[in-house]
Amino acid sequence: MKVFHTALGLVAGLLASTVYASDTPAMSKGEYLTRAADCVACHVVPGGKPYAGGLEFKLPFGSLYSPNITPDKETGIGNWTDDEFVDALQKGVGKDGKHYYPAFPYTSYTQMSREDILAIKGYLFSLEPVKQMPPENKISFPFNQRWGMMFWNAIFASNERFVPDSKQSAEWNRGAYLVQGPGHCGECHTPRNIFQAMSTGNSLAGAELGNWMAYNISSDAKYGIGAWPEDAIVSYLSKGYAAGFGGAGGPMGDAVEHSLRYLDPADLKAIAVYLKSTPARSEGIPRPTMAVNDAALQKGLGQKLFNDTCVACHQIDGSGRQSPAGGLAGLKTVNDPKGRNVMATLLEGHTPTAARVDQRMPDFARSYSDAELAAVSTFVLRRFGQSDGEVKAEDVAKNRASALH
Amino acid sequence: MQKLMINGQEHNLDVADDMPLLWVLRDVMGLTGTKYGCGIAQCGVCTVHLDGQAVRSCVLPVSAVAGRKVTTIEAVGEQAVGQAVQKAWLDHEVVQCGYCQSGQIMSAVALLQEHPKANDEQIVNAMSGNLCRCATYTRIRAAIKSVSQA
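Per-chain numbering applies: the sequence of each chain, read as written, is numbered from 1 onward. Labels follow written order: the first chain is A, the first ligand is 1, and so on. Totals for whole chains, interfaces and linings use every residue, but because this is a predicted model, local features are given only for residues with pLDDT of at least 70 and side-chain atom pairs only at 80 or more, for both listing and counting. The basis for the side-chain values is all heavy atoms of the structure; hydrogens and waters are excluded.

Trainee: So what's going on with the overall build of chain A? Which residues, and what values?
Mentor: Here a helix means four or more residues in a row that DSSP labels H or I, a strand means two or more in a row labelled E, and each is numbered from the N terminus. Secondary structure assignment for chain A yields 15 helices and seven strands. Relative to the 2.2 N^0.38 estimate, which gives 22 Å for 405 residues, the radius of gyration of chain A is 22 Å and therefore close to what a compact globule would have. Expressed as a percentage of its 405 residues, the buried residues of chain A come to 52%. Once local pairs closer than 6 in sequence are excluded, the contacts in chain A between residues at least 24 apart make up 64%. All accessible areas in this document rest on Shrake-Rupley with a 1.4 Å probe, and a residue is counted as covered only by the protein chains that are shown. Surface exposure of chain A reaches about 18,800 Å², of which carbon and sulfur atoms provide 58%. Note on charges: Lys and Arg go in the positive column, Asp and Glu in the negative column, and His and the chain ends are not counted at all. The location of each charge is read from NZ of Lys, CZ of Arg, CG of Asp or CD of Glu. If you average the places of the 39 positive and of the 41 negative side-chain charges in chain A, the two averages end up 1 Å apart. Atoms counted for the radius of gyration: C-alpha only. Globule rule: 2.2 Å times residue count to the power 0.38. Buried residues are those whose accessible area, probed at 1.4 Å on protein chains only, stays under 20% of the maximum for their type, while exposed residues exceed 50% and partly exposed ones sit between those limits. We call two residues contacting when some pair of their heavy atoms lies within 4.5 Å.

Right, dumping it as structure tokens:
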């Protein structure tokens, strides 16, 4: 029996070392994991210094600001010990016992090993310190009582490390670790319960995020990514698009820009392998069939605007002109009856700096009125999707007011 | 070094990956028949063919066309459809100032190659991304129709 246990321990140890290993000669392990965890997504303001924080999170009960995580001793984390940093990521408790709000995804980061977390700390501490105090949080009572998070944590935060599943391949385990831990995919793609915690029984089933929809990325063939070939998932994660399957816009475009495109192709494939094995959730927006609807070609404002402005890159058959990244047919975005991501893309544009110029799109918020953007959105939904969707001028007005970028 | 196939000839050019195809054509190769308009794929003046499809060369990085066939206005007359369109353009005296017309002809040829019997709706849909500030649109449509009905 003892021998058996030792053997099991060895196997688990081997799996663990494969799961946590990252062979990126060009990048240190710490930098790689900092990228994989996409720390910079929140710890920067547009045009600001990376990792110096200050980004505002608008919540129903007030505003939070991301802290400075550069090694500045006064305004950053320069005085933090290893234990304090590990506790912040694993328990959501910062220096001096301050409880974090789960806008900080410690509920996912908790899966990371101490070793990986300290590699991230090592990288952050190698950066130039930036002296910049984040604005004071403006949270109303009783939510401003941080100690209250203790009760929430007791119920919703597991404080458990990732345990490899010995029945699965090393690749699967690596993917599971990246998705559940540093990648914190569920923080946006898993719907939240009434306590704002990720709904474990509905993992990766998709959720709303401001003006955007974070789609169902479970293994369901119709509603999730189950029918995507692994190559398509890898293309999406590394290039920001997979022709006929999806294009990463808004916050997901940022995730590709700042994080996913830096990952090893082998790690991206591991993510694909894992995602394709997750429990299928049949909810959200179904994938459309690759078809164009000629009945949608009716003289009117929507078609006129599409022909004036969109065809130069998207083409009237939605196949994409200069680049397959401009392809519209087959995307979930054109099958959302509410056209949320169509609207959001028109209002905010798609301008990741890493994307080639033929893969970028300007925003049209300032060029067109609410009625015009609604008409062209509705045309896109009817022409390329099958949900008979419609966007109304008042929807555009509402989203215009709360555009993220 | 970029290996390009332009108007049936292979060229090895020492240009940056992200240089727009339009810059390569005009400034490096001296093929100035393709014009610069808006620079953001909104006007259609810079249209060329990439594997027979009309594309906006101002937003197309040269690295994206490596190994694919580029045809410009200079060589479009070597194809039967191109010749027919050019003749129709003269017959209908389409051109006024002429600045947008290279792009108009390239879009028209791409359309007629794909749909030799293009109807009004197909013509409008295919040509609507090409702007003409002299508003020669009715003559453009008439010229294309004369080819599609021939």
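Trainee: An account of the pattern of salt bridges is needed here, citing residue identities and associated values.
Mentor: By convention in these notes, a salt bridge is any Lys or Arg side-chain nitrogen within 4 Å of a carboxyl oxygen on Asp or Glu. Under the definition given, this model contains 24 salt bridges over all chains. Here Lys29 of chain A ties to Glu115 of chain A by a salt bridge, and the two come within 3.0 Å at their closest N and O atoms. Placement of the pair is Lys29 of chain A in helix α2 (residues 29-36) and Glu115 of chain A in helix α5 (residues 114-125), with a sequence separation of 86 residues. Given the relative accessible area of 53%, Glu115 of chain A is considered exposed. For Lys3 of chain B, the salt bridge is made with Glu10 of chain B, and the minimal N-O distance between the two is 3.8 Å. With a relative accessible area of 48%, Glu10 of chain B lands in the partly exposed category.

Trainee: Explain the domain arrangement of chain B to me, and be specific about the residues and the numbers.
Mentor: All names here are of chain B. Domain assignment breaks chain B into domain 1 (2-71) and domain 2 (76-148). Here the C-alpha centroids of domain 1 and domain 2 sit 20 Å apart. Listed by partner, the interface residues are 14 residues for domain 1 and 14 residues for domain 2. Accessible surface is computed with a 1.4 Å probe, and the buried area is the amount of it that two parts give up when combined, taken over both parts together. For the pairing of domain 1 and domain 2, the buried interface totals around 1,100 Å² over both sides, and the portion due to carbon and sulfur atoms is 51%. Counting the surface domain 1 buries against domain 2, the share from its top three residues, Val45, His49 and Thr71, is 36%. Taken together, the connections running from domain 1 to domain 2 amount to zero salt bridges. In protein, a polar contact means a hydrogen-donor-capable atom and an acceptor-capable atom, both N or O and within 3.5 Å, with residues adjacent in sequence counting only if both atoms are side-chain atoms; elsewhere, any N or O pair within 3.5 Å suffices. For the pair domain 1 and domain 2, the number of links is six residue pairs in polar contact (both at pLDDT 80 or more). An automatic or database domain assignment provides the domain bounds reported here.

Trainee: Report on the domain arrangement of chain A, specifying residues and quantitative values.
Mentor: Each domain of chain A was delimited in the assignment, giving domain 1 (39-156) and domain 2 (294-401). A C-alpha centroid distance of 37 Å is found between domain 1 of chain A and domain 2 of chain A.

Trainee: Break down the nonpolar core for me, citing the residues and quoting the values.
Mentor: All names here are of chain A. Ranked by size, the top nonpolar core spans 61 residues in total, and within it Phe85, Leu89, Trp228, Leu260, Ile271 and Leu275 carry the most contacts. If we ignore the near neighbours within four places in the chain, the residues touching Ile271 are Gly175, Leu178, Val179, Leu237, Leu260 and Leu263. Think of a nonpolar core as a cluster: buried Ala, Val, Leu, Ile, Met, Phe, Trp, Tyr and Cys residues, connected wherever their side-chain atoms sit within 4.5 Å. Counting residues in each nonpolar core, the second largest holds 25 residues, with Leu346, Tyr368, Ala374 and Phe379 among its members.

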